[in-house]
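Here is what each chain is made of, one letter per residue.
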Amino acid sequence: MAQRLLLRRFLSSIISRKPPQGRWAPLTHRAPQCSPGDLTVTPNQARSIYITRVCTTTFNIQDGPDFQDRVVNSETPVVVDFHAQWCGPCKILGPRLEKVVAKQHGKVVMAKVDIDDHTDLALEYEVSAVPTVLAIKNGDVVDKFVGIKDEDQLEAFLKKLIG
């Protein structure tokens, strides 16, 4: 009984407490859209929910139709990282490329394609070694590189794609 009372007091103190201003955005405010796959949440009037905004600029390709929909038909330029789990250089380039893409604040997105899972896509885009990175704009491959690049080279690659 005493534990229930303590728990009830604790929960009521948390619910009645106001979050710090500026750090958290109330859910009732209009949040910017990050991607078409985001969930829509309807706020409950009985309680206040506070969230932080997280935009995903990197996604994994699930299959051919997913690639067609999210890469070829994308209005936003897309960097496609063809990689493999067993590839050492891919493990270095992947996070580096994700970091540089995130700095672009939505001007470009990144699709990751595992060549072992999607050999058809690798063959279609003539990937003969990994890591291979393609720059796709309006459904067309506009640039490509194979191997590791440093952050400065990756930023130059993205700026060329963005235009």
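Here the structure is shown first, and the text comes after it.
Just so it is clear, the structure is predicted and the values come from calculations on it, not from any experiment.

Under the definition given, this model contains one disulfide. Disulfide pairing places C87 opposite C90 at an S-S distance of 2.4 Å. A torsion of 80 degrees about the S-S bond marks the disulfide between C87 and C90 as right-handed. Using a relative accessible area of 4% as the deciding quantity, one classes C87 as buried.

Attention now goes to the pairing of strand β5 (residues 109-114). With six of six residues buried, β5 is to be regarded as a mostly interior element. Taken together, the three bridges between strand β3 (residues 58-60) and β5 define a ladder with parallel strand orientation. Residue pairing for β5: T58 is matched across the bridge by M110. Pairing geometry for strand β4 (residues 78-83) and β5, over six bridges, is parallel. For D81, the partnering residue across the bridge sits in β5 and is K112. The handedness of the β4 to β5 crossover, carried by helix α3 (residues 88-102), is right-handed.

So, about the sheet that holds strand β6 (residues 132-137). Judged by pairing direction, the sheet is mixed, and its five strands sit side by side in the order β3-β5-β4-β6-β7 without closing on themselves. Bordering the open sheet on either side are β3 and β7 (140-146), each of which pairs with just one other strand. With strand direction ignored, the average angle separating the axes of adjacent strands in the sheet is 25 degrees. The pairing of β6 with β7 spans six bridges and is antiparallel. Bridge pairing links T132 to V146 in β7. Against the sheet, α3 engages β3, β4, β5, β6 and β7, with an angle of about 160 degrees to β5. Packing against the sheet, helix α5 (residues 151-162) makes contact with β4, β6 and β7, and its axis sits at approximately 20 degrees to β6.

A word on unusual backbone geometry. Looking along the chain, the bond that leaves V130 and enters P131 is cis, with omega of -5 degrees. Here P131 shows up in the loop between α4 (119-124) and β6. A positive phi is found at H105, a non-glycine position, where the angle reads about 55 degrees. Within the fold, H105 resides in the loop between α3 and β5.

So, how was this worked out
Residues numbered from 1 in each chain as written. Predicted model: local features only at pLDDT ≥ 70, side-chain atom pairs only at ≥ 80, totals over all residues. Heavy atoms only, no water. Disulfide = S-S within 2.5 Å. Buried < 20%, exposed > 50% of the residue type's maximum accessible area, 1.4 Å probe, protein only. Helix = DSSP H or I, 4+ residues; strand = E, 2+ residues; numbered from the N terminus. Pairing = 2+ DSSP bridges. Right-handed = clockwise from strand over helix to strand, strands pointing away. Axes fitted to C-alpha atoms, helices over the stretch in contact; angles between N-to-C directions. Contact = heavy atoms within 4.5 Å.

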